[in-house]
Amino acid sequence: MRSVVAISGASGIIYGVRLLQELPGEKILVISETAKAIIPTETGMTVEQVEALADKVYCDTDLFASISSGSYDYDCMFVAPCSESSVAKFACGIADTLISRAVSVCIKEGRKLIIVPRETPKSAIMLENELKLARCGVVIMDANPGFYPGPKSVEDMVNFIVGRCLDRACIQHSLFKKWGE
Ligand SMILES: Cc1cc2nc3c(=O)[nH]c(=O)nc-3n(C[C@H](O)[C@H](O)[C@H](O)COP(=O)(O)O)c2cc1C
């Protein structure tokens, strides 16, 4: 199993960190410049500590990276968290950073793409951009946890969203108690 994880500059960096901790197999990571600035303030981790969770790390300006090409194979790509600026780029097909190029390729190749947008409230522009992506088969996994598993902590709420991402990628986990279990 090989996954691509992109962390963009929205609040909720912890979603990307937990995904990297939970994903099995090989992990390729790209962190946007704004996300690099947010990492220490939100997580108390350094960028290097987050990067150490991946097997391969690319710079967001490196358009020569393997994941820029449709011929490079992987199972699933995640953008978590996903800023609305990135959502807008993805919806318009702008591919001028490694993250936006990899997403554009992922969509054109019909690969599995799960994004975790984090913004509230959402403008009509944001909603239309997300709808456009959903119509292309992108899974819009809003950073919007369910309360039915009875979360007791922020970690439980983060695990819910990360667990739902893993569900959609067909990866077994026990991050939260599913309805009926
Ligand atoms: C501390 C901080 C928190 C932010 N939180 C969000 C957010 O939750 N959602 C969002 O869409 N943008 C947020 N932004 C704005 C984005 O970082 C900004 O639009 C940036 O251009 C996104 O670029 P990127 O997607 O390439 O990282 C935040 C910015 C900062 C500095």
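Predicted, not measured: the structure shown is a model, and the values here were computed from it.

Peer 1: Got a minute to help me understand the overall build of the chain in this structure?
Peer 2: When you go through the chain residue by residue, the secondary structure sums to 7 helices and 6 strands. Counting from the amino terminus, helix and strand elements in the chain follow one another as β-α-β-α-α-β-β-α-α-β-α-β-α. Taken over the C-alpha trace, the chain has a radius of gyration of 15 Å; the compact-globule value for 181 residues is 16 Å, and the two agree within 12%. Across the chain, every contact between residues at least 6 apart in sequence was considered, and the portion connecting residues at least 24 apart equals 72%. Both charge centroids of the chain, one from 19 positive and one from 22 negative side chains, sit 5 Å from each other.

Peer 1: What am I meant to see in the packing of aromatic side chains here?
Peer 2: The relative placement of two aromatic rings is captured by the distance of their centres and the angle of their planes. Counting across every chain of the model gives 3 aromatic pairs. For the ring pair F160 and F176, a centre distance of 4.7 Å and an interplane angle of 40° mean the geometry is tilted. Of the two residues, F160 sits in helix 7 (residues 154–168) while F176 sits in the segment after helix 7, which places them 16 residues apart along the sequence. Accessibility classification places F160 together with F176 in one group, the buried group. Three or more aromatic residues joined by ring pairs form one cluster here, namely Y148, F160, F176 and W179. It is R111 that lies over the ring of Y74; its NZ or CZ is 4.8 Å from the centre.

Peer 1: What is the right way to read the site of the ligand from this model?
Peer 2: Around the ligand sit 13 residues in total, of which G9, S32, S83, S86 and R118 are the nearest. The contact in question runs from an oxygen atom of the ligand to an N or O atom on the backbone of G9, over 2.4 Å. Backbone polar atom of S11 to an oxygen atom of the ligand: 3.0 Å apart, as the coordinates give it. Burial of the ligand by the protein amounts to 62% of the accessible area it has alone, namely 640 Å². Looking at the shell around the ligand, the elements that each hand over two or more residues are helix 2 (33–43) and helix 4 (84–92). It is helix 4 that provides the largest number of residues to the shell around the ligand, a total of 3 residues. When its residues are assigned to classes, the shell around the ligand shows 2 nonpolar, 8 polar and 3 charged.

Peer 1: It is not clear to me how the side chain of R18 should be interpreted in this structure. Could you clarify?
Peer 2: With respect to the helices and strands, the residue R18 is situated in helix 1 (residues 13–22). The contact partners of R18, leaving out residues within four places of it in the chain, are V158, N159, V162 and L175.

Peer 1: Can you walk me through the side chain of R111 in this structure?
Peer 2: The residue R111 is located in the loop between helix 5 (98–108) and strand 5 (112–117) in this model. Side chain to side chain, R111 and D73 meet in a polar contact 3.4 Å long. Leave out the neighbours within four places in its chain, and R111 touches G70, Y72, D73, Y74 and C106.

Peer 1: Quick question: what am I supposed to make of the environment of E22 here?
Peer 2: Structurally, E22 is set in helix 1. A relative accessible area of 31% places E22 in the partly exposed class. Placed 158 residues apart in sequence, E22 and G180 show a C-alpha to C-alpha distance of 23 Å. Beyond its immediate sequence surroundings of up to four residues, E22 is in contact with V162, L166 and L175.

Calculation criteria
- Residue indices begin from 1 for each chain and proceed along its sequence in written order.
- With pLDDT at 70 or above as the cut-off, local features in this predicted model cover only qualifying residues; side-chain atom pairs require 80 or more to be listed or tallied, and sums for whole chains, interfaces and linings still use all residues.
- Derived side-chain values reflect all non-hydrogen atoms in the structure, with water molecules and hydrogen atoms excluded from consideration.
- Numbering goes from the N terminus for both helices and strands, where a helix is a DSSP run of H or I of at least four residues and a strand is a run of E of at least two.
- Each radius of gyration is computed over the set of C-alpha atoms, and the globule rule expresses the reference value as 2.2 Å times the number of residues to the power 0.38.
- It only takes one pair of heavy atoms within 4.5 Å for two residues to be counted as in contact.
- In this count, Lys and Arg are taken as positive residues and Asp and Glu as negative ones, while His and the chain termini are left out.
- The atoms used to mark charge sites are NZ of Lys, CZ of Arg, CG of Asp and CD of Glu.
- Stacked, tilted and edge-to-face pairs are distinguished by plane angle, under 30 degrees for stacked and over 60 for edge-to-face with tilted covering the rest, among Phe, Tyr and Trp rings (Trp via its six-membered ring) whose centres lie within 6.5 Å.
- Each residue is placed in one exposure class: buried if its accessible area under a 1.4 Å probe, protein chains only, is under 20% of its type's maximum, exposed if it is over 50%, and partly exposed if it falls in between.
- The criterion for a charge sitting over a ring is simple: Lys NZ or Arg CZ within 6 Å of the ring centre, and within 35 degrees of the ring normal.
- Proximity criterion: a residue is near a molecule or strand once any of its heavy atoms comes within 4 Å of it.
- Between N or O atoms, a polar contact is any pair within 3.5 Å; within protein, one atom must be a potential hydrogen donor and the other a potential acceptor, and residues adjacent in sequence are included only when both atoms are from side chains.
- In these tables, accessible area is a Shrake-Rupley quantity obtained with a 1.4 Å probe, and a residue counts as shielded only by the protein chains included in the view.
- Gly counts as polar in this scheme, as do all residues outside two lists: the nonpolar Ala, Val, Leu, Ile, Met, Phe, Trp, Tyr, Cys and Pro, and the charged Asp, Glu, Lys and Arg.

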